[in-house]
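Survey of secondary and tertiary structure
Listed below are the residues making up each chain.
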Amino acid sequence: MTNSQLIRLVLLVFVAVTSIVIGDTAGKLLGQAGVAPIIVAWSRFIFGALFVLPFCGLQLSELAYLRDWRVLARGILIAGGISFILTALKTEPMANVFGAFFISPIVSYILAIVFLRETPSRTRGVLLGIGFIGVLLVVKPGFGVSTGILCALAAGTCHGSYLTMTRTIAGQYRPRFLLISQLFIGALVLTPLGLGVTLPTLDLWVGTMITISALGSAIGNYMLVIASRNAEASLIAPLIYTQLISAAGIGVLVFGDWPDAYAALGLCLILGSGIGSLVASRRR
């Protein structure tokens, strides 16, 4: 990969993850206003599907692809990841949630080696180990760990698996089909859960936040699909760490959430691990 290609990939992934953080920020605001996280997740998939459908070029013959277990698993994984992270964001600071969420690149890296037979790197493994230490500093594992942080870890595990599953089929299906398929599947899976809670009153503010939540997620995940077609999952994994910059910045600006000393150290280790992994990937 040339320098210009690497720069384009970094920018693409950063814009993608920032779009997702913006969507999650809208979801956190909805949660703080009393809207159930499952409703936010459900509406994100439904409205996202409605937004994307006219532009995705879906053909009737492509509906048969929904029987591919990898397509189904990918949709279920992203639905679970979004539901878990929105639940975590309702009660936890954004920086802490995304710090715990960064178990995702580690999961993706391991799965890419085990199932995709991508070549492991000792340097990258050490750097991801440093990142894992950072995650532990943020999470502070023990009997006192909060339910929100556990949900953030579950979200990261789902997302790391989703990234690897995307890599397995990114070259087989159109990116726009992959996007609309995950939106359809997510909406279908979350419908029974969404109907089981009280629906919010739909006013201008709620409608605007739901729209931002849906668009941010849809645009960000579409960009990640594009990135997955042009690079290995093990290279994209460290680039996901750039999401930490967006999450920390927006958390401070919008919510005034500053991490404590241990969490701040953990976030620095996570970010440093991501930068180091990218440098190692480039040298390789």
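Calculation notes
Residues numbered from 1 in each chain as written. Predicted model: local features only at pLDDT ≥ 70, side-chain atom pairs only at ≥ 80, totals over all residues. Heavy atoms only, no water. Salt bridge = Lys/Arg side-chain N within 4 Å of Asp/Glu carboxyl O. Helix = DSSP H or I, 4+ residues; strand = E, 2+ residues; numbered from the N terminus. Buried < 20%, exposed > 50% of the residue type's maximum accessible area, 1.4 Å probe, protein only. Phe/Tyr/Trp six-rings, centres within 6.5 Å; stacked < 30°, edge-to-face > 60°. Lys NZ or Arg CZ within 6 Å of the ring centre and 35° of its normal.

**Concerning the pattern of salt bridges**
- Scanning all chains against the criterion turns up three salt bridges.
- When the shortest N-O distance is used, the salt bridge between Asp-24 and Arg-44 registers 3.1 Å. Separated by 20 residues along the polypeptide, Asp-24 in helix 1 (residues 3-32) and Arg-44 in helix 2 (residues 37-52) bring together distant segments of the chain.
- What makes Asp-24 buried here is its relative accessible area of 2%.
- Classification of Arg-44 as buried rests on a relative accessible area of 2%.
- Here Glu-62 makes a salt bridge to Arg-174, at a shortest N to O gap of 2.9 Å. Placement of the pair is Glu-62 in the loop between helix 2 and helix 3 (69-91) and Arg-174 in the loop between helix 7 (147-169) and helix 8 (175-194), with a sequence separation of 112 residues.
- Looking at Glu-62, the relative accessible area reads 6%, which means it is buried.
- Using a relative accessible area of 26% as the deciding quantity, one classes Arg-174 as partly exposed.

**Regarding the packing of aromatic side chains**
- Here the structure, examined in full by the defined rule, presents five aromatic pairs.
- Ring plane angle 75° and centroid distance 5.9 Å describe the contact between Phe-98 and Phe-101, whose orientation is recorded as edge-to-face. With Phe-98 and Phe-101 both in helix 4 (residues 94-101), this residue pair falls three residues apart, about one helical turn.
- For Phe-98, a relative accessible area of 0% puts it in the buried group.
- A centroid spacing of 6.2 Å and a plane angle of 70° characterise the contact between Phe-101 and Phe-102, whose relative ring orientation is edge-to-face. Just as Phe-101 is buried, Phe-102 falls in that class too.
- Ring pairs connect the aromatic residues Tyr-65, Tyr-173 and Phe-177, which therefore count as one cluster.
- Its end group placed over the ring of Phe-255, Lys-28 keeps NZ or CZ at 5.2 Å from the ring centre.

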